[in-house]
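Structural characterization, general
Below are the chains, spelled out letter by letter.
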Amino acid sequence: MSFVGDVLVSVRNKSGKVVFSNQLEELVLKAEEAQLGACQDLRSQYCSLSLDVQITTQLHHRINTAIDELTQLQDSVQQEVAYGVKGSVGEVDGLVRKWREVYEGLKSVSLLLSAHKHLDDAHKAEMSHEFHNTAQNLAEVDRILGDASKKEIESQLDVVSALQDAVVIRRMQLVYTVGEVWNETVSWDEERRNNGSRVVTLLIKVGGESSKESLQKLQQMFEALHMLGELQRRIKALGKNLMRYFFRPIINCHAELKMTERSDGYSIQVIQQDSKKGNVPAAIVFMTLQQVFAVLHSSLLCLTIKAGEEEVSLMHLLGREVSEEFTQVLIKECLAEAVPCSQAQLNEYEEVKVAARDFQQFLVDKGFYKPDEMSIMEYAANVDTVFSNKACAHILERARELMVRPVHVLVCITPLEPDSHLVIQDEGGNKLMKSTMRLENLLSAKTFNLPRCQISASMCDLVELIYETMEEACTSSPQHAGRLFYTVRNILSLYCHVVPTAHAYSLATLPQQAAVIHNNSMYLGHHALLLGHQYKNKFPQDLRESILTTVDLGHELRKMATTTFLKALQGHRTALIDTLRESCGLDTIGCNIDGVNKAEQGMRQCLHQLQLLHRVWQTVLPCSVYTKAMGVLISSVIEEVITRVVSLEDISADCALALINLLNLLKDNVPALFIVEGESATLADDVVCYVKLWGKFSELIIVLGASLREILDRWAEGKGPLAHEFTPDEAKQLIRALFQNTDKRAHVLAKIK
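Let us look at the structure shown here. No experiment lies behind these values; they were computed from the predicted model shown. (Residues numbered from 1 in each chain as written. Predicted model: local features only at pLDDT ≥ 70, side-chain atom pairs only at ≥ 80, totals over all residues. Heavy atoms only, no water.)

**A short note on the overall build of the chain**
Here is the rule we go by: Secondary structure counts use DSSP, requiring at least four H or I residues in a row for a helix and at least two E residues in a row for a strand, with both numbered from the N terminus. Note on exposure labels: buried denotes an accessible area under 20% of the residue type's maximum, exposed denotes more than 50%, and partly exposed covers the range between, all computed with a 1.4 Å probe on protein chains only. Contacts were defined at the residue level, with two residues in contact if any of their heavy atoms lie within 4.5 Å. Methods summary: accessible areas were calculated by the Shrake-Rupley approach with a probe of 1.4 Å, and residue burial reflects only the protein chains presented.
When you go through the chain residue by residue, the secondary structure sums to 30 helices and eight strands. Here the chain, with 753 residues, has 46% of them falling under the buried criterion. Partitioning the intrachain contacts of the chain with sequence separation of at least 6 by distance along the chain shows that 75% fall at a separation of at least 24. A total of about 39600 Å² of accessible surface is found on the chain, and carbon and sulfur atoms cover 50% of it.

**Here we look at the sheet that holds strand β1 (residues 186–192)**
Under the convention used in this document: By this definition, two strands are paired if DSSP reports at least two bridges between them. Axis definition: a line fit to C-alpha positions, over the contact stretch in the case of helices; interaxial angles, taken between N-to-C directions, run 0 to 180 degrees.
The strand order β1-β2-β4-β3 describes an open sheet built from four strands, whose pairing is antiparallel. Among the strands making up the open sheet, the edge pair consists of β1 and β3 (256–262). Each neighbouring strand pair of the sheet contributes to a mean axis angle of 15 degrees, computed without reference to strand direction. Pairing geometry for strand β2 (residues 198–205) and strand β4 (residues 265–272), over eight bridges, is antiparallel.

**Quick word on unusual backbone geometry**
Of note, the phi angle at Ala716 is positive, near 50 degrees, even though the residue is not glycine. The exposure class of Ala716 is partly exposed, given its relative accessible area of 31%. Positive phi is not limited to glycine here, since Glu717 has a value of about 55 degrees. On the secondary structure map, Glu717 appears in the loop between α27 (708–715) and α28 (721–725). Overall, Glu717 belongs to the exposed group, its relative accessible area being 73%.

**Focus on the pairing of β4**
In terms of burial, β4 is a largely internal element, six of the eight residues being buried. With seven bridges connecting them, β3 and β4 associate as antiparallel partners. Looking across to β4, one finds that Glu261 is bridged to Tyr266. Count of turn residues in the β3/β4 antiparallel hairpin: two residues.

**Describing the packing of helix α8 (residues 231–252) against helix α10 (residues 314–338)**
Note the cut-off: An angle below 35 degrees is treated as roughly parallel, one above 145 as roughly antiparallel, one from 65 to 115 as roughly perpendicular, and anything else as oblique. It is the rotation of the near helix from the far one that decides the hand of a crossing: anticlockwise by less than a right angle makes it left-handed, clockwise makes it right-handed. Residues are grouped as follows: Ala, Val, Leu, Ile, Met, Phe, Trp, Tyr, Cys and Pro are nonpolar; Asp, Glu, Lys and Arg are charged; all remaining types, including Gly, are polar.
Relative orientation of the contacting elements α8 and α10 amounts to 25 degrees, with a least axis distance of 9 Å. The pairing of α8 with α10 is recorded here as roughly parallel in orientation. In the packing of α8 onto α10, the handedness of the crossing is right-handed. Side by side, α8 and α10 meet where Leu231, Gln232, Ile235, Lys236, Gly239, Lys240, Leu242, Met243, Phe247, Arg248, Ile251 and Asn252 of the first sit next to Leu314, Leu317, Leu318, Glu321, Val322, Glu325, Phe326, Val329, Leu330, Glu333 and Cys334 of the second. Residue classes in the contact of α8 with α10 are distributed as 14 nonpolar, three polar and six charged.

**Some details on the packing of aromatic side chains**
What counts is decided by this rule: Aromatic pairing here means that ring centres of Phe, Tyr or Trp (its six-membered ring) are within 6.5 Å. Orientation follows from the plane angle: under 30 degrees is stacked, over 60 is edge-to-face, and everything else is tilted. A ring is considered to have a charge above it if a Lys NZ or an Arg CZ atom is located within 6 Å of its centre and within 35 degrees of its normal.
Throughout the structure, instances matching the rule amount to 18 aromatic pairs. Where Trp188 meets Tyr245, the ring centres are 5.9 Å apart and the plane angle is 40 degrees; that geometry is what we call tilted. Taken together, the residues span a long stretch of sequence, with Trp188 in strand β1 and Tyr245 in helix α8 at a distance of 57 residues. Overall, Trp188 belongs to the partly exposed group, its relative accessible area being 27%. Judged by relative accessible area, which is 11%, Tyr245 ranks as buried. Each member of the aromatic cluster is reached from another via a ring pair, and the members are Phe247, Phe286, Phe293, Phe326, Phe359, Phe368 and Tyr369. The lysine or arginine in question, Lys538, covers the ring of Tyr535, its NZ or CZ lying 5.1 Å from the ring centre.

**A short note on empty space enclosed by the protein**
This is how the line gets drawn: Cavities and pockets were defined on a 1 Å grid built over protein atoms only: a cavity is a set of grid points that admits a 1.4 Å probe from which the probe cannot escape, a pocket is an open set flanked by protein on both sides within 12 Å along at least five of seven lines, and lining residues are those with an atom within 4 Å of any such point. Grid points are joined across faces, edges and corners, and a volume is the space filled by probe spheres set on the points.
According to the stated counting rule, one finds two cavities of 30 Å³ or more in the structure shown. In this model, the largest cavity occupies a volume close to 80 Å³. For the largest cavity, the lining is made up of 13 residues, of which Met403, Ser458, Met459, Tyr495 and Asn520 are closest to its centre. Mapped onto the lining of the largest cavity, the elements with two or more residues apiece are α13 (384–403), α15 (457–474), α16 (478–502) and α18 (511–535). Counting residues per element, the lining of the largest cavity draws most heavily on α15, which supplies three residues. Classifying every residue of the lining of the largest cavity gives eight nonpolar, four polar and one charged. As a volume, the second largest cavity reaches approximately 40 Å³. In this structure, the second largest cavity is lined by Arg452, Cys453, Gln618, Thr619, Leu621, Pro622, Cys623, Val676 and Glu679.

**Let's talk about the pattern of salt bridges**
The test is simple: Salt bridge, as applied in this entry: a Lys or Arg side-chain nitrogen positioned within 4 Å of an Asp or Glu carboxyl oxygen.
One pass over the full model with this rule turns up 13 salt bridges. Between Arg709 and Asp713 there is a salt bridge, and its shortest N-O distance comes to 3.7 Å. Here Arg709 and its partner Asp713 are both found in helix α27, four residues apart, which amounts to about one turn of the helix. Note on Asp713: relative accessible area 44%, which makes it partly exposed.

**Focus: α10**
Inclusion rule: In a helix, the anticipated span is given by 1.5 Å times the number of residues less one. Axes are fitted to the seven residues ending at a residue and to the seven starting at it; the angle between these axes is taken as the bend at that residue.
A rise of 1.5 Å per residue sets the reference length of α10, with its 25 residues, at 36 Å; its end C-alpha atoms lie only 31 Å apart and thus fall more than 12% short of the reference. Of all the bends found along α10, the most pronounced is centred on Val322 and spans about 60 degrees.

What follows is the structure, encoded as structure tokens:
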């Protein structure tokens, strides 16, 4: 019979109260002894670092046996002898309280022994690479110690603290061990080759066992990482490396992909050539990325873990970390670049749309994307706005590239020579038989012809681009046609801002550049005046009622052409005047014959500059523009010469003769500057029309060599040629400088008024 049975027999006898009390005390002493032994053993193992597994197991058995016997005793007392001890409650009350304290203590020690058992099981599981079981045992120890910490008695035991430290150490060791296994399973290697290429290799080792066994081991590792809270960090690091070394190079840099199945796993190698840049065809990108995802899924990311009440695949966890960045890069660097720039290439984009849809569905099936994630397919399908934006941006980019090209490569434009009168057409292009305004009588057939001149070859390409854009607008949808038309307006506006800045140095230093840019701007402005009217009735019907014109920009282009050329002309004028002034000959020639050489040198230098401009401009500028520009420059030189000669206070006879020779040098060479090769209408006599002071200059030469009588005759009482060119004060100044003070001079001065 057991010890508890003896107690129950004695309790059934009403006279056995003393025996019951004695046996209860004995049972309490045995329980306390077992509790004390268990605590000492746990202290020796976790506090004093001694280890005796057999003793611990025996104590665990003794504790469990004592708890069972106490439980049986409690049940028997409550069922059979409760009525017998009503009269002796006071006697047994102290023993019962002691019994309860010991009972609770035994339960607490049992919890500690259970925690010790789970720690021991965790160690054994870790040694067997059963990492999930190890993590589960450590989690159970955490739960047990959490329950134990709520009880008052355990808070006084140093064993609890020691067990908690042991759990922390065991968990850290498990994290390190599983991390090492992860690093062995997923390893990266980067290599720089002599040819400049970079080779990045991802090695996934799943072991040499059967596929099922290797997957089970990986499952153990991933579940342990999840329970330890390390899985998300590892997946995030994996996703970051995949984006950096695999996905971005494949999308952007023509990276070459090599995949090898090994005996112990898979090898994925990406070779990136530094010299290979530019856009990769979208279909190739999708195919390469699909191969990478397929290998990752089959070898590693197909495994699932239990997160809460649902199972989640590792591919889905990877998608949570990098899907947003991956989608943005794929759309921005691949799909956006695959969108065509012209209407003719739009049909080829259908293949890209199909490839994008298949790739999107593949990623959804593998779990990388959620089923409702359709960003790639939606972007590929809805490309109208993207196509319009890209086409317009591409046109503007081409236009700007043409604007900044050198302008020294020239082509000649020649106006058409119509054989008949101006033909008036209606909106349908048919000849208008009766015009209420009779425009054919008011306008010439050459009204819209540009004069013969030279423009840069890049300007021809730019105008051709504008007309190609307008032609494409005529066959496009109303929305895209409107965008294209306003892109043409942007090209014209951009020209006004880019050209003066891009060619600023050439404009300031090379005479030909200013003339060419003047012609380019006038040519472009001429087309801008007529562009809207040419295509208004060819645009889609929805746009025909709108006001589509470029006339305002034509005016801006002409204004820019005039401003640019006038600025260059002002620079040449300043250079000519400075040349005359720096020679200092005209200021001293009146009384010093030695100043003639300096004056002649300055005059010849001015002529040289004018002749250089003549050679450069005569074939570039339109004839009318050239003659006017040359007339302005020569007028400035003539005006400067006349002003300085007239301001002389004393001119000797020898100096007067020297001045005549000097001025004749200018007079003899200037008319030839107005003769343009190939233009029969230009004559040397045109100098009179375009140099406003040419008559005054010629009259000055005559006065310098004339007598007082001849001067008086040319004045002719204010009606002669001298009076027509000079004011009375200027004429008197010349007479005083040329002739000595005599009665005859005084008589002549008196006649000039």
